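Fold and contact review
Letter by letter, the chains look like this.
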Amino acid sequence: MNYLRRRLSDSSFVANLPNGYMMDLQRPTPPGSSTSSPASPATERRQPPSVQSQPQGPPPGPASGSGGFLSSFSSVVRSAQVAQNVAAAAHAKSAVASAAEGSSAGSSQPAKPAVRKPKILLVIDDQHTDWVKYFRGKKLNGEYEIRVEQAEFSEINLASYVASGCMVDMQVNKGGTKVVRSFKPDFVLIRQHAYSMIPGEDFRNLVIGLHFGGVPSINSLFSIYNFCSKPWVFSQMIKLYHSFGSEKFPLNEQTFYPGHAQMAEPPSFPVVVKMGHAHAGMGKIKVENQQDFQDITSVVALAGTYATTEPYVQSKYDIRIQKIGGNYKAYMRTSISGNWKANTGSAMLEQIAMTDRYRMWVDSCAEMFGGLDICAVKAVHGKDGNDYIIEVMDSSMPLIGEHVEEDKQLITDLVISKMAQVLLGVSTPQLSSVKRSASASPSQSAQGSPQRARSATTSPSQAFQPGPIPASSGPGAQKQSPQLNKSQSLTNTFTETLRGSLTDDEAKAETIRSLRQSFASLFSD
C-alpha cells in the first residue's frame, strides 16, 4: 500500500500517463488543497503517535475529485489482484507439469509385482493320499499359488449364500484338539463317494450346498449328484446300448424293482441281486435257486429300498478301462482265490492293451451328465468269449495297478488345467496327457478282447498264459516267451526273458510276467 502511495504521489509518474487515463490525478491541484496530498511514509513515521491519533477534518476541495481518486485507486488495486491471480495460476500449472514429468520418469522404473491371493482347492478324500504334496509348488498361469485343504465328507460343514457364495467349516486336529477352520473354496476335487446306504454316509446335502454356492469341481457337482444312484446311472448306459447296439456296446441285462413287492421270480438262475446303492461289493448277493431268491426278497423288504437283478456271468476275468483327462489305461483282473467277486480275496491284476473298442466304451460313458473328466468302465469277459459292461464309475473311482503315482499326477495336472480355465479364463493343455505311459496303450489298433486270459479249465494255481505281446517297430522285437515248467529256476527265467535288445519298460514288463509264470509253475501241484 505504501508503494502505491509513493507511486501515485510522484509527479513524474502522473505526467507520463497517457491522455485520458486517471484524469483525476492529472488535474491541477487547487490552491489550499495541499493538505489533501498524502504524506510520505517518512513523514508519517516522524509524526508522533498523538498527532496520528488526532482526527483530521474533511479534505478541502471538491467532492468529485476525492471520489475520482478513490475509484482510480480501486482500479489499480483490482489490477494488482488480477496480476496476483495470474501469477498463482501460472505457478500451479508449472507444479502440475513438474508432477507429470516425475510420474513419467517413475513409470520407466519396473513396477513391483502385486501380491496375489492364492486360490483355495478343497480336496474331499481320505487321509491315505496326501494331495498337498502333489500340488506343492504348482501355480495357476504362473501367477496364483494353490492352497490345498483336504478333508473327508464327514469332517466338513458348509453354508451357501447368493451374494457371497459358499463358506466351508473344516475340523482340523491340532495337537489332539479339534479346531474348526473356515474358508471359501475356489475349486473342489471330489475323490470320495457322496452317498452310500450305510448309516452316516449320506453326504448329498453337502453336494447340494457346494452346487448352491456355485463352486466349480471335478467331476461336475451335477454329475456327482446323479451318480448317487446306480440304477439312475445304468439308465444312461441303456441309452448308449440302444444308440450303439449290443455289438458295439454289450451292456449286461438288468431288471429294476422299486421294492420287494414287485420282485417276481427271475427267468433263470443263478442271478446277482444288488440292493440299494453301495460300493466295493457291498449289498451284492449271488442267488442260486428260487428259495434263496425268496429269502433275499424278505431282506430287501427289511431294508426298505430298491433292488436290481442281473444274470450271473461266469467270467474269465474282469476288465476296467479308466480315463483321466486325455489319458487312457486298461486293466485285467483275474481271481486267484476262486471267489465269484473278483475284488474279493486274491486276484491278479495286469495292464492290457488299450483297444479302440475299449476306448469307445469309456468315451461314450464320459459324455454322461454333461461330461466326466474322470471315469472308468467295468466289464466282465465271460467263458462264452463275450464281454458284458456292468458299471460306470466317476471321479471317486479307486486307483489301481502299477501306475498309481502317475494317475495321481495326471489328476493334479487335470485339476490345475481346469482351475485355470474356470477361474482365470486361460486354456492350458494338460501337461501329463501328452506323456503317456509306454505300457498304457501298447497297441492302439488292436481289436477284440485280450488274449492273456486264463482258460476256463485252468486252475488258479496253474501257470498264467500270456498272449502275444504287440511287436515293437524296432529291429529287436521280442518274441513270445516259451511255456515254462516248474523245473526251471527263476534265474534262468530272468536270463531268457531279458535276452536281446529291449527297452527298459519292455524289460520290466517281461520280468514281471516271467516272475508270475515262474511262481505259478512252482506251485502248480
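Residues numbered from 1 in each chain as written. Predicted model: local features only at pLDDT ≥ 70, side-chain atom pairs only at ≥ 80, totals over all residues. Heavy atoms only, no water.

A word on the environment of F369
Note the following rule: Each helix is a run of DSSP H or I of at least 4 residues and each strand a run of E of at least 2, with the numbering of both proceeding from the N terminus. The contact criterion used is simple: two residues touch if any of their non-hydrogen atoms lie within 4.5 Å.
Along the polypeptide, F369 turns up in the loop between α12 (356-365) and β16 (374-382). It is 9.3 Å that separates the C-alpha atoms of F369 and F227, two residues lying 142 residues apart in sequence. Excluding its chain neighbours within four sequence positions, the residues that come into contact with F369 are S220, F222, S223, N226, F227, W232, V233 and Q236.

Describing the packing of aromatic side chains
Keep this limit in mind: Only rings of Phe, Tyr and Trp enter the pairing, Trp through its six-membered ring, and a pair is recorded when the two centres are within 6.5 Å. The plane angle decides the type: under 30 degrees is stacked, over 60 is edge-to-face, the rest tilted. Only protein chains enter the accessibility calculation, which uses a 1.4 Å probe; a residue whose area is less than 20% of its type maximum is buried, one above 50% is exposed, and one in between is partly exposed. Both a distance and an angle decide whether a charge sits over a ring: NZ of Lys or CZ of Arg must be within 6 Å of the ring centre and within 35 degrees of the ring normal.
Scanning the model with the defined rule gives 8 aromatic pairs in all. Relative to Y134, the ring of W131 has its centre 5.6 Å away and its plane inclined at 50 degrees; by these criteria the two rings are tilted. Of the two residues, W131 and Y134 are both situated in helix α7 (residues 131-135); the distance of 3 residues between them amounts to about one turn of the helix. On the accessibility criterion, W131 (1% relative accessible area) is buried. Judged by its relative accessible area of 9%, Y134 is buried. Geometrically, the ring pair formed by F153 and F203 is stacked, given 5.3 Å between the ring centres and 10 degrees between the ring planes. With F153 in the loop between β3 (144-151) and β4 (156-161) and F203 in the loop between β7 (187-190) and α8 (204-212), this pair connects stretches of sequence that are 50 residues apart. By relative accessible area, F153 is classed as buried at 1%. Chaining the aromatic ring pairs together yields one cluster made of F222, F227 and F369. The ring of Y195 carries R204 above its face, with NZ or CZ at 4.0 Å from the centroid. A cation over an aromatic ring shows up here: K286 above the ring of Y312, its NZ or CZ 4.1 Å from the ring centre.

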